[in-house]
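Observations on the three-dimensional arrangement
Listed here are the chains, written in short residue letters.
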Amino acid sequence: MSDQPDTPPTAAPRGPRERPTRVVERGVTEASRWALRLLVLGAGIAGLLWLLGKGWSLVLPLLLAILLSAILWPLTRVLRAVLPRSLAALVSILLLITVVVGIFAALIPNVAGQAGEVADSAVEGLDRVQVWIAGPPLNLGDDEIGNLVNQGISELQNNAQSIALSVVGGVGSVGATVGSGLITFLLVLVLAFFCLSDGDRLVPWSRRWMSAEAHRHTVALGGRIWAAIHGYIMSQAAVALVDAVFIGVGLAIVGVPFALPLAVTIFFAAFIPIVGAVATGALAVLVALVTLGWVQALIVLGIVLLVQQLEGNVLQPLLVGRSLALHPAVVIGSVTIGGTLFGITGALLAVPVAAIVTVVLRYVHHELVPDEPENPQVKDTNKRRRRVATPEQAPAAATAETRED
């Protein structure tokens, strides 16, 4: 027996470079794993885009038909009370076509009646530009301007053959585009008819081909996706209507020609977030500048900016934000990517597709982590300062929190 007290064993001294080495190794391993994951994810996205490109002639009409069905579904649901399914869907589509054709038929006389006035105003504007060019600081006289015009005419004559071939090729491509657009339009109408007449039967019909668990997820996801698309279309239509009415009334008060056609253009373009509002606003300012002058153009610019501020700060968060719960950065990024890849059609479909992807991701996350809410709402905790309750005040504090919740 030893009289010395028992002392706990001490750990062996760690080498000076052992811990940093392990940290570096762990960091490299984690970075390699994430790099591999990103490569696999990028390959999957590239493959999905390749498949979409191959089947775009069918995917595009299907997406447009779903959006059209979301617009017509409230009317179809009302008509089903007195009509069969197929007849209600057909009447809804025919009513939509009648309304659109009637709008454009009413706009044609308005445009034709003001075309001469706008042309005369444009000529006057060009004359003012020519006078400005002839004066200081450019000091280009009539001879210099005539020489520039003659030089331009000679360039056109020298390149007449290549320009003619380009025009013929452009006409051919335009004809092919018009033919393809007509086929796509007819296909959209046919698919929309089937979506309106039999779309609600698709999910119950799929039960025979799926397991109970897969059918449960299909029903849940289908309902969420349809609610997101329908909410987006209805809220965006309300925003577009407000933009068209306010800007159209402002244009009419200022006296801008084509106020009604411009308002209709603003309504349809507003379904492309951000890009549509900017393009149609610039068009309205340009028409005011050419026909009326700088002062009226600045007034129109102020009206457009004011309405867009109302849209961006009030309507979009109140209507579109609540229906989709998408951050503005996600909207801007999706519109940019969709417009870059697929043009105007991609910009139009970008936000609904982003909403569908977001709904799927939120549902998957909620299934994996059931304790967390599927659509969490961010609360400002700075406005509610909680005091630490004493043991005597704890029951009262708990009761108060329960009442607040």
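All right, on to the overall build of the protein then. In terms of regular secondary structure, the protein is built from 12 helices and zero strands. Sequence-ordered secondary structure for the protein, helices as α and strands as β, is α-α-α-α-α-α-α-α-α-α-α-α. When the 405 residues of the protein are sorted by exposure, 23% land in the buried category. For the protein, the proportion of contacts with a sequence separation of at least 24, taken over those separated by at least 6, is 69%. On the protein, roughly 27,400 Å² of surface is accessible, and the fraction owed to carbon and sulfur atoms is 69%.

Here we take up a nonpolar patch on the surface. The grouping of Trp34, Leu38, Leu41, Ile45, Leu49, Ile337, Leu341 and Phe342 at the surface amounts to a nonpolar patch, some 790 Å² of accessible area in total. Among the secondary structure elements, those contributing two or more residues to the nonpolar patch are α1 (18–54) and α11 (328–368). A total of five residues in the nonpolar patch trace back to one element, the largest contributor, which is α1.

Turning our attention to the side chain of serine 69. In this structure, serine 69 sits in helix α2 (residues 56–79). On the basis of relative accessible area, serine 69 is assigned to the buried category, the value being 2%. Sequence-distant contacts of serine 69, defined by excluding residues within four places in its chain, comprise Ala192, Cys195, Leu196 and Trp226.

Turning our eyes to something else, we now look at the packing of aromatic side chains. As enumerated under the stated definition, the model contains four aromatic pairs in all. For the pair phenylalanine 193 and phenylalanine 194, a centre-to-centre distance of 5.4 Å together with 65° between the ring planes defines the contact as edge-to-face. Residue class for phenylalanine 194 comes out partly exposed when judged on its relative accessible area of 44%. Members of the aromatic cluster, joined through ring pairs, are Phe104, Phe267, Phe268 and Phe271. In this structure, arginine 37 is placed above the aromatic ring of tryptophan 34, and the distance from its NZ or CZ to the ring centre is 4.8 Å.

Relative placement of two packed helices is described by the angle separating their axes and the distance separating the axes. Here α2 crosses helix α7 (residues 212–254) at 75°, and the two axes come no closer than 9 Å. Here α2 lies roughly perpendicular to α7, going by the angle between them. Counted together, Ile66, Leu67, Ser69, Ala70, Ile71, Trp73 and Pro74 of α2 and Trp226, Ile229, His230, Ile233 and Met234 of α7 form the full contact between these two elements. Taken together, the residues that form the contact of α2 with α7 break down as 10 nonpolar, two polar and no charged.

With that settled, consider the pattern of salt bridges. Applying the stated criterion across every chain, the model contains two salt bridges. Between arginine 33 and glutamate 30 there is a salt bridge, with its nearest N and O atoms 4.0 Å apart. Taken as a pair, arginine 33 and glutamate 30 lie in helix α1 at a separation of three residues, close to a single helical turn. For glutamate 30, a relative accessible area of 35% corresponds to the partly exposed category. Here glutamate 213 makes a salt bridge to arginine 216, at a shortest N to O gap of 2.6 Å. Of this pair, glutamate 213 and arginine 216 both sit in helix α7, three residues apart, which is roughly one turn of the helix.

Let's shift gears to unusual backbone geometry. Here the phi dihedral of phenylalanine 258 falls at roughly 60°; this positive angle occurs in a residue that is not glycine. By the element assignment, phenylalanine 258 lies in the loop between α7 and α8 (259–269).

This next bit is on the side chain of aspartate 243. Take aspartate 243: it is sitting in helix α7. With a relative accessible area of 4%, aspartate 243 lands in the buried category. If we ignore the near neighbours within four places in the chain, the residues touching aspartate 243 are Gly248, Ile266, Ala270, Val307 and Glu311.

The topology assignment puts leucine 305 in helix α10 (residues 294–324). For the pair leucine 305 and isoleucine 247, spaced 58 residues apart in sequence, the C-alpha to C-alpha distance is 9.7 Å.

Where α8 meets helix α9 (residues 275–291), the axes come as close as 8 Å, and the angle between the chain directions of the two elements is 165°. Comparing their axes, α9 and α8 come out roughly antiparallel. Two packed elements cross with a definite hand, and for α8 against α9 that hand is right-handed. Contact residues: Leu262, Thr265, Ile266 and Ala269 in α8; Gly276, Ala277, Thr280, Leu283, Ala284 and Val287 in α9.

About the cut-offs
Residues numbered from 1 in each chain as written. Predicted model: local features only at pLDDT ≥ 70, side-chain atom pairs only at ≥ 80, totals over all residues. Heavy atoms only, no water. Helix = DSSP H or I, 4+ residues; strand = E, 2+ residues; numbered from the N terminus. Buried < 20%, exposed > 50% of the residue type's maximum accessible area, 1.4 Å probe, protein only. Contact = heavy atoms within 4.5 Å. Areas by Shrake-Rupley, 256 points an atom, 1.4 Å probe, with all protein chains shown as cover. Patch = residues over 30% accessible without salt bridge, like charges linked within 9 Å, V, L, I, M, F, W, Y side chains within 5 Å. Salt bridge = Lys/Arg side-chain N within 4 Å of Asp/Glu carboxyl O. Phe/Tyr/Trp six-rings, centres within 6.5 Å; stacked < 30°, edge-to-face > 60°. Lys NZ or Arg CZ within 6 Å of the ring centre and 35° of its normal. Axes fitted to C-alpha atoms, helices over the stretch in contact; angles between N-to-C directions. Parallel < 35°, antiparallel > 145°, perpendicular 65-115°, else oblique. Nonpolar A, V, L, I, M, F, W, Y, C, P; charged D, E, K, R; others polar. Left-handed = near helix turned anticlockwise from the far one by under 90°.

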